[in-house]
Structure formats: structure tokens, C-alpha cells
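Topology and contacts: notes
Next come the chains, spelled out residue by residue.
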Amino acid sequence: MNFFTLEESLGPRFIIFHYLIKWYLNHFGLLSYLLGVVGSVTAFFAYTVSLNIKKGEQDTAFMIILLSLIVVGGLIGIGLDMANIPATTAY
């Protein structure tokens, strides 16, 4: 069985996002990241959901809500991971 290592992986590498988030957190901090980046992405998704609800496309709005939960949750998790803050403090 031949498994791919990280250097041989055929999947896309989104390392540029890792560097951008790390740079942003080092220069501006976690609170600014949560309010600025995550807040603007959340506002964009809320705007698109409201447009689809006004058009009467509830199924599309629901799919956008699901996508926004995945994206915003991922951004929050990556931000906490890069800032070296544990998501839970239960030991």
C-alpha cells in the first residue's frame, strides 16, 4: 500500500491562508481577527441569505446558512489554533 506523504499529496495546499491568518493575528490580535475577518464574512453570508429570502428562495437560503456555519466555524477554529488558545479549558 502506497500512502502519500505531505510533500506528495495530490490535494490542494492552502498554506497561503495559514500565513495570512498568522500574519493578521500577529499584527492585530485575536479580537480584531474575530471582529474584522470573521465578522465581515458573517455579514456577507447574512446579506446573501436576506437577498435569497426576499426572492422567495428558502432552499437556497438554507444551503447558504449551512455553508456559512462551516466557513465561519472553520475561521474561528483556525484563528484559535493560530493564536495558541485552546477551544476548551476542560482538563
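Our subject in this report is the structure included herewith. What you see is a predicted model; the values in this text were computed from it and never measured.

**A short note on the nonpolar core**
With nine residues, the main nonpolar core is built from Ile21, Leu25, Leu30, Tyr33, Val38, Val72, Leu75, Leu80 and Met82. Elements that contribute at least two residues to this core include exactly helix 1 (15-28), helix 2 (30-55) and helix 3 (58-82). With four residues, the single largest contributor to this core is helix 3. The residues contacting Leu75, other than those within four sequence positions of it, are Tyr33, Val38 and Val41.

**Some remarks on the packing of helix 2 against helix 3**
Contact geometry for helix 2 and helix 3: axes closest at 9 Å, N-to-C directions at 175°. One finds that helix 2 runs roughly antiparallel with respect to helix 3.

**As for helix 3**
Over its 25 residues, helix 3 runs 36 Å from end to end, which matches the ideal 36 Å to within 8%, given 1.5 Å per residue. Buried within helix 3 are the following residues: Ala61, Ile64, Ser68, Val72, Leu75, Gly79, Leu80 and Met82. Among the structural elements, helix 1 and helix 2 are those in contact with the buried residues of helix 3.

**Focus: the packing of helix 1 against helix 2**
The N-to-C vectors of helix 1 and helix 2 enclose an angle of 120°; their axes lie 7 Å apart at closest approach. In terms of their interaxial angle, helix 1 and helix 2 are classed as oblique. Of the residues in helix 2, those touching helix 1 at Ile21, Tyr24, Leu25 and Phe28 are Leu30, Ser32, Tyr33 and Val37. By residue class, the composition of the contact of helix 1 with helix 2 is seven nonpolar, one polar and no charged.

**Considering a nonpolar patch on the surface**
Together, Phe62, Met63, Ile65, Leu66 and Leu69 give the surface a local cluster of nonpolar side chains, amounting to about 500 Å² of exposed area. Note on placement: Ile65 falls in helix 3. Judged by its relative accessible area of 37%, Ile65 is partly exposed.

Conventions we followed
- Residues numbered from 1 in each chain as written.
- Predicted model: local features only at pLDDT ≥ 70, side-chain atom pairs only at ≥ 80, totals over all residues.
- Heavy atoms only, no water.
- Core = buried A, V, L, I, M, F, W, Y, C linked by side-chain atoms within 4.5 Å.
- Buried < 20%, exposed > 50% of the residue type's maximum accessible area, 1.4 Å probe, protein only.
- Helix = DSSP H or I, 4+ residues; strand = E, 2+ residues; numbered from the N terminus.
- Contact = heavy atoms within 4.5 Å.
- Axes fitted to C-alpha atoms, helices over the stretch in contact; angles between N-to-C directions.
- Parallel < 35°, antiparallel > 145°, perpendicular 65-115°, else oblique.
- Expected span 1.5 Å × (residues − 1).
- Nonpolar A, V, L, I, M, F, W, Y, C, P; charged D, E, K, R; others polar.
- Patch = residues over 30% accessible without salt bridge, like charges linked within 9 Å, V, L, I, M, F, W, Y side chains within 5 Å.
- Areas by Shrake-Rupley, 256 points an atom, 1.4 Å probe, with all protein chains shown as cover.
- Salt bridge = Lys/Arg side-chain N within 4 Å of Asp/Glu carboxyl O.

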